[in-house]
Amino acid sequence: MSDTDADTTTDADALRTPIVAVLGHVDHGKTTLLDRIRGSAVQEGEAGAITQHIGATAVPLETVSEMAGALVDPDDFDLPGLLFIDTPGHHSFSTLRARGGALADIAVLVVDVNDGFQPQTEEAIDILRRTGTPFVVAANKVDTTPGWNPQEGEPIQRSLEAQSDRAESRLNENLYELIGDLSDEGFSADFYWRVQDFQGNIGIVPLSAMTGEGVPDLLTVLMGLSQRFLKSEMSIDVAGPGRGTVLEVKEERGFGATLDAVLYDGVIRTGDTIVVGGQYDPIVTEVRALLQPRPNAEMRTEKRFEKVPEVAAAAGVKIAAPDLDEAMAGAPVRVVRDQTEEEVVAEVREELAEIEVETAEDGVVVKADTLGSLEAMANALEEAEIPILRAEVGDIAPRDVAVAETANEETHRVILGFNVDVLANAEEELETSDVRLFADDVIYQLVEEYEEYVDDLQRSQQETVLDQIVRPARFRILQDHTFRQNDPAVVGVEIVAGTVQNNRHVAKFQGSEPRRIGQLSGIQHQGDDVDEARAGERVSVAIDGPTVGRQIEEGDELWIELPEKHAKILEQELSDEIPADELEALNAYLQTRRKTDPFWGK
Ligand SMILES: Nc1nc2c(ncn2[C@@H]2O[C@H](COP(=O)(O)OP(=O)(O)OP(=O)(O)O)[C@@H](O)[C@H]2O)c(=O)[nH]1
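Here the residue numbering is sequential within each chain, running from 1 through the sequence in written order. Residue-level local features of this predicted model are given only where pLDDT is at least 70; pairs of side-chain atoms are given and counted only at 80 or more, and the full residue set underlies all totals for whole chains, interfaces and linings. Hydrogens and water are ignored here; the side-chain numbers use all heavy atoms of the structure.

## Topic: the site of the ligand
In the neighbourhood of the ligand, 15 residues make up the surrounding shell, with Gly29, Lys30, Thr31, Thr32 and Asp143 lying closest. In the model, an oxygen atom of the ligand is placed 2.8 Å from a nitrogen or oxygen of the lysine 30 side chain. For this analysis, a polar contact is any N or O atom pair within 3.5 Å, provided that within protein one partner can donate a hydrogen and the other can accept it, and provided that sequence-adjacent residues contribute only side-chain to side-chain pairs. Residue threonine 32 places a side-chain N or O atom 2.5 Å away from an oxygen atom belonging to the ligand. Runs of E in the DSSP output that reach at least two residues are strands. Runs of H or I that reach at least four are helices, and both are numbered from the N terminus. With three residues, the single largest contributor to the shell around the ligand is helix α2 (residues 30–43). Counted by class, the shell around the ligand contains three nonpolar, eight polar and four charged residues. We define proximity as follows: a residue is near a molecule or strand when any one of its heavy atoms falls within 4 Å of that partner. Polar here means any residue other than Ala, Val, Leu, Ile, Met, Phe, Trp, Tyr, Cys and Pro, which are nonpolar, and Asp, Glu, Lys and Arg, which are charged; Gly is therefore polar.

Below, the structure written as structure tokens:
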């Protein structure tokens, strides 16, 4: 169909419903908002107010306009309504991929007005930016503004009229902060009613998912945006081959493994040959049944689903067919109709290759629940410069542990699992191997946890080095503190800088040459034997070798003798790790030593 054809089309059947996804930070109200949209649509009373699909809810234009009241004139629209994806959250959003982009045509980013931007809000914005998905911001929970006077289900302007100046200005403060946060992310945003150009600006819709005020506005904005900017993309070939994306692979009694899929183009019929992206290869199979949830009225029957002969885009549908066990969430589903089976298989393979993650010789093992989330994980790891050895969709299996074990670097012997389970036999493998598992259902947290682990590991490696190295120290023999002349000499000292450790060699500078005068054979602090003493402490030390009054005197300044190699490691690798006073002792030692030997310890 040419563009001109699309523009002149008036037959709503040929324009599909825009697919809407809802995403945002945890607890900001995504589920409540979806429930509200479903609930108030149902409350509008009429049968057919909404249609429950598998994984999605269709709200027809008439219902949208009834809910939006004066805000929407149905004559302005010829799109059939809106299809809301039921599983909110940006992880499911990243599953919603189609032909390299996002399956959702438009998104609602839910932000709690009081909480503002949170880490997952930013993560969601990144995904929206990357997939080029148009979105509106639902500034949710306006009813929690102190002094708010709730206006159940009203458009936001009407609700604002009922608020005190004080409540309104409190809300505005939060909304302006949101505008600022969006601008920090590079988006120009404003209250939706002030936005002239929705292509260059993000509209903010203040609303409450709880009281429903502002929800009519959200629906209006979504309809308006879709109608104006997405209409040309909404024209479909109603008889064309169905194209969709797998949301979930589910076992159903009587059917085996089934696919919950969203169809974004064409039509799928019982008996069609389909190609589905699988773990290892595209799966070619034949549709046994297409299933939809049973309408509420018939809920008394045992069966949850009813069979339908065909489904046209956009729609959510459960597909029952043989051999679907290895199908992957996020993978494409294609009906073979105008092309040969081989051509479609090649296309599915190509689409899957787009998502293939770049791997390195050495790196971490990544497992994720869907292709989309695997892709999102790979992006996050690339940003953090963490190399990937292998990345796959699926639960953690013994084979993954075996692969992780082959990593050369200790920091790479890990599995990062996103939204996946550990299979029982893999659990055993993990216990007996030195592979570490990191599992989380928030990407940035998973990456952060791993980075912290790497930091800790590196720190403890440095600490081990530090343990084996002679630490610099400078200390002075106190006046009238000779407890024993020799064999060993026992004197009271004050540590001026650094750490004095037992068993180290003791030196005294003669000019720029340290001269060894003996070896420490004991340190006592307030009568107790200790292994080391820190700057500022007064302790008594036993030194094997010298005699007080001959090689050493009260008031003498003594040093721990530093082997050249240790001095070099301390200066070049550990200067950030040792305390400031120890660094000072090291520098003083090096300076004196380098007066006659400028390259000492370099
Ligand atoms: N007062 C008020 N509370 C709200 C509103 N929207 C959501 N809530 C409450 O906020 C909490 C979180 O809401 P959810 O809808 O579960 O949030 P969510 O974003 O779906 O959370 P997850 O699914 O856990 O990511 C619940 O206790 C809701 O009742 C609102 O507009 N006003």
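The structure having been displayed, the exposition proceeds.
## A look at empty space enclosed by the protein
With a 1 Å grid laid over protein atoms only, a set of points is called a cavity when a 1.4 Å probe fits there but cannot get out and a pocket when it is open yet has protein on both sides within 12 Å along at least five of seven lines; lining residues have an atom within 4 Å of a point. Grid points are joined across faces, edges and corners, and a volume is the space filled by probe spheres set on the points. A complete count under the given rule lists one cavity of 30 Å³ or more for this structure. If you trace the largest cavity, you find it lined by Pro241, Gly242, Arg243, Arg334, Val335, Gln339, Val344 and Glu347. Every element with two or more residues in the lining of the largest cavity is listed here: β20 (332–335) and α9 (341–355). Here the lining of the largest cavity is composed, by residue class, of three nonpolar, two polar and three charged.

## Digging into the sheet that holds strand β17 (residues 305–308)
Being paired, for any two strands, means DSSP has found at least two bridges between them. Ordered by their spatial adjacency, eight strands build an open sheet running β15-β14-β20-β11-β12-β19-β16-β17, and the pairing between neighbours is antiparallel. Unpaired on one side and paired on the other, β15 (283–286) and β17 mark the two borders of the sheet. For this sheet, the mean inter-axis angle between neighbouring strands, taken without regard to orientation, is 40 degrees. Bridge count between strand β11 (residues 243–252) and strand β12 (residues 256–265): nine bridges; the pairing is antiparallel. Opposite glutamate 252, over in β12, you have glycine 256 as the bridge partner. Note on contacts: a residue pair is in contact if any heavy atoms of the two residues lie within 4.5 Å. Here, axes are lines fitted to C-alpha atoms. For helices the fit covers the stretch in contact, and angles between N-to-C directions go from 0 to 180 degrees. Contacts from α9 reach β14 (273–276), β15 and β20 within the one sheet, and its direction differs from that of β20 by about 165 degrees.

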